[in-house]
Amino acid sequence: GLTNKLVGGWHGDKRDLVLIRIYGEDTDKFIDRDSEKKNMKMMELGGCGSKLYAAFKNGLSYEFVHGQMLEPSMLFDPKIYREVAKCLAKMHKVRLKQVLSACGTSWTKSSSSIQTLLKTPTSKKF
């Protein structure tokens, strides 16, 4: 995110990097942090996400997943796009019922966020 702070650390082996994300100020007005943690845990249990190590009042601690960023040209490689398709299929098999119930709270949170933005004074006039 734009306002989060992200740091990583390890002890001994750098491959065991742990990320710590500190939430930006007032981001809880826009993001349902409980749903975020539930979704991260569901993806982890489904084999599609990093391990969530800890959650605290203003942040999270989770596993860094090593990988390589895809370049646009790589997307035409049959080996790559088949792996991407497999990963997407795996994600879509993760407990759909719980994901759908989490979406309901996302819409509620989005509506609340818009109302908060409309009420927030700005220094610029549009």
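Residues numbered from 1 in each chain as written. Predicted model: local features only at pLDDT ≥ 70, side-chain atom pairs only at ≥ 80, totals over all residues. Heavy atoms only, no water.

### Some words on the sheet that holds strand E2 (residues 18-22)
Working step 1: Ordered by their spatial adjacency, four strands build an open sheet running E1-E2-E4-E3, and the pairing between neighbours is antiparallel. For this open sheet the edge positions go to strand E1 (5-9) and strand E3 (52-56), each flanked by a neighbour on one side alone. Neighbour to neighbour, the strand axes of the sheet diverge by 15° on average, direction disregarded.
Working step 2: Note: E2 against strand E4 (residues 59-63), five bridges, orientation antiparallel. Within E4, the position partnered with isoleucine 20 by the bridge is serine 61.
Working step 3: Contacting E2, E3 and E4, helix H1 (residues 33-45) runs over the sheet at an angle of about 170° to E3. (Pairing = 2+ DSSP bridges. Helix = DSSP H or I, 4+ residues; strand = E, 2+ residues; numbered from the N terminus. Axes fitted to C-alpha atoms, helices over the stretch in contact; angles between N-to-C directions. Contact = heavy atoms within 4.5 Å.)

### Examining the nonpolar core
Working step 1: Within the largest apolar cluster, seven residues are counted, these being Leu17, Leu19, Tyr23, Met40, Leu52, Leu60 and Tyr62.
Working step 2: Not counting residues within four places of it along the chain, the set of residues in contact with leucine 52 comprises Lys37, Met40, Lys41, Glu44, Leu60, Ser61 and Tyr62. (Core = buried A, V, L, I, M, F, W, Y, C linked by side-chain atoms within 4.5 Å. Buried < 20%, exposed > 50% of the residue type's maximum accessible area, 1.4 Å probe, protein only.)

### Considering the packing of aromatic side chains
Working step 1: Tallied over the entire structure, the rule returns zero aromatic pairs.
Working step 2: The residue whose ring lies beneath arginine 33 is tyrosine 23, and the NZ or CZ to ring-centre distance is 3.6 Å. (Phe/Tyr/Trp six-rings, centres within 6.5 Å; stacked < 30°, edge-to-face > 60°. Lys NZ or Arg CZ within 6 Å of the ring centre and 35° of its normal.)

### Considerations on the pattern of salt bridges
Working step 1: Evaluated as defined, the whole model comprises six salt bridges.
Working step 2: Here arginine 21 and glutamate 36 are joined by a salt bridge, their closest N and O atoms 2.7 Å apart. Taken together, the residues arginine 21 in strand E2 and glutamate 36 in helix H1 connect sequence positions 15 residues apart.
Working step 3: Accessibility expressed as a relative area gives 17% for glutamate 36, which makes it buried.
Working step 4: Linking lysine 86 and glutamate 83 is a salt bridge whose minimum nitrogen-to-oxygen distance equals 3.5 Å. Placement of both lysine 86 and glutamate 83 in helix H2 (residues 78-92) is noted, with a separation of three residues, approximately one turn of the helix.
Working step 5: Linked through salt bridges whose partners overlap, the residues forming this network are Arg21, Arg33 and Glu36. (Salt bridge = Lys/Arg side-chain N within 4 Å of Asp/Glu carboxyl O.)

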